[in-house]
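Examining the three-dimensional arrangement
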Amino acid sequence: MRIAVIGNGIAGINVAASLKTLGGDAVTVVVYSKEIHPFYSRVRLPEVIAGESTPEDIRFYPEQWYEKKGFTVRLGTEVRSIDRAAKQLILVDGTAEHWDALVLATGARSNCPAIPGVDLPGVFTLRTVEDALAIRGSVTARRSSASVIGGGLLGLETARALTVAGSASVRVFEIFPHLLPRQLDDQCAQLLSSHLSSLGIEVVCLANTEAFLPTAQGDGRAASIKLKDGRSFSSDTTILSMGVTPCTDLAREAGLTVNRGIVVDDLLRTSDPSIWAVGDCAEFAGIV
């Protein structure tokens, strides 16, 4: 039996390892990954921005672990579409590969709202190793100012990383009246803001972003952030930390039932009984 897993994150890799352990020689398990990097810890990406860790440092498993587990990971291999009738994956290069059972572990992508100027160079999201390396390169080249749009946990970790990476001025923009409104009351939020200030991070609350504005020199890079209340702040490097959206494109185009995520039952089966979905892309009982 050939089991295909699309996705090289924590869900895909651990499901692949478990399936191979359970199935032994009776199953062949192949993981398809768009990324070129072996499975790594996404929560440690700020360390890469800060220069505290390399991409190799944040990998979960050495090469020998995959050999011992007995499944294959095909890095840099993007799946373009799923042919359910033929039970084939169609890769970007046009190759068709058969599967008997399919697991979708396609994860999520960073939210990127349609704010004017969001597509300018100098505006980033943080989801992959390549994102972290690009952000670090931007800060290294332009150290005067950096910003994070979104004061959640990842946003705050990213802001700290920007200061360690050498940015002279770092700001966090939060749309709510104080940081982490779901976790903290006013007093605790003030304590957190004071601590961040001691680290060289300014917190700007009630900040609703209107646009990212380019440099006056006309080089096309974003150089400042304009808020809807008229305030404006310089920012050579800007990171959007505004949540994630499940990656459901492949499932939707294949005709599977998709709501916010890929809809699964209590066995993680999709609307096709030979396809399962796990991790950030899956939705069970209305919850992603």
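Fair warning: this is a prediction, and the values are worked out from it, not measured in the lab.

1. With respect to the pairing of strand β7 (residues 101–104)
Each regular strand carries side chains that alternate between the two faces of the sheet. Every second residue of β7 is oriented toward a common face, with Ala101 and Val103 on one face and Leu102 and Leu104 on the other, all of them buried. Relative to β7, strand β1 (residues 2–6) runs parallel, the two being bridged by 4 bridges. What sits directly across from isoleucine 3, in β7, is alanine 101. Where β7 and strand β19 (residues 275–277) come together, 3 bridges link them in parallel fashion. Residue pairing across strands places leucine 102 opposite isoleucine 275, the latter belonging to β19.

2. A short note on the sheet that holds strand β16 (residues 237–240)
Note on sheets: strands pair through backbone hydrogen bonds, and any given pair is parallel or antiparallel. Read from one edge of the open sheet, 5 strands run β9-β16-β10-β11-β12, paired in parallel fashion. Because the sheet does not close on itself, it has two edges, and the strands there are β9 (123–125) and β12 (201–204). Put simply, the sheet's adjacent strands are angled 20° from each other on average, direction ignored. Pairing analysis gives 4 bridges linking strand β10 (residues 146–149) to β16, with the strands arranged parallel. Opposite valine 148, over in β16, you have isoleucine 239 as the bridge partner. Packed onto the sheet, helix α4 (residues 129–141) meets β9 and β16 and runs at close to 150° relative to β9.

The rules behind the values
- Residues numbered from 1 in each chain as written.
- Predicted model: local features only at pLDDT ≥ 70, side-chain atom pairs only at ≥ 80, totals over all residues.
- Heavy atoms only, no water.
- Buried < 20%, exposed > 50% of the residue type's maximum accessible area, 1.4 Å probe, protein only.
- Helix = DSSP H or I, 4+ residues; strand = E, 2+ residues; numbered from the N terminus.
- Pairing = 2+ DSSP bridges.
- Axes fitted to C-alpha atoms, helices over the stretch in contact; angles between N-to-C directions.
- Contact = heavy atoms within 4.5 Å.

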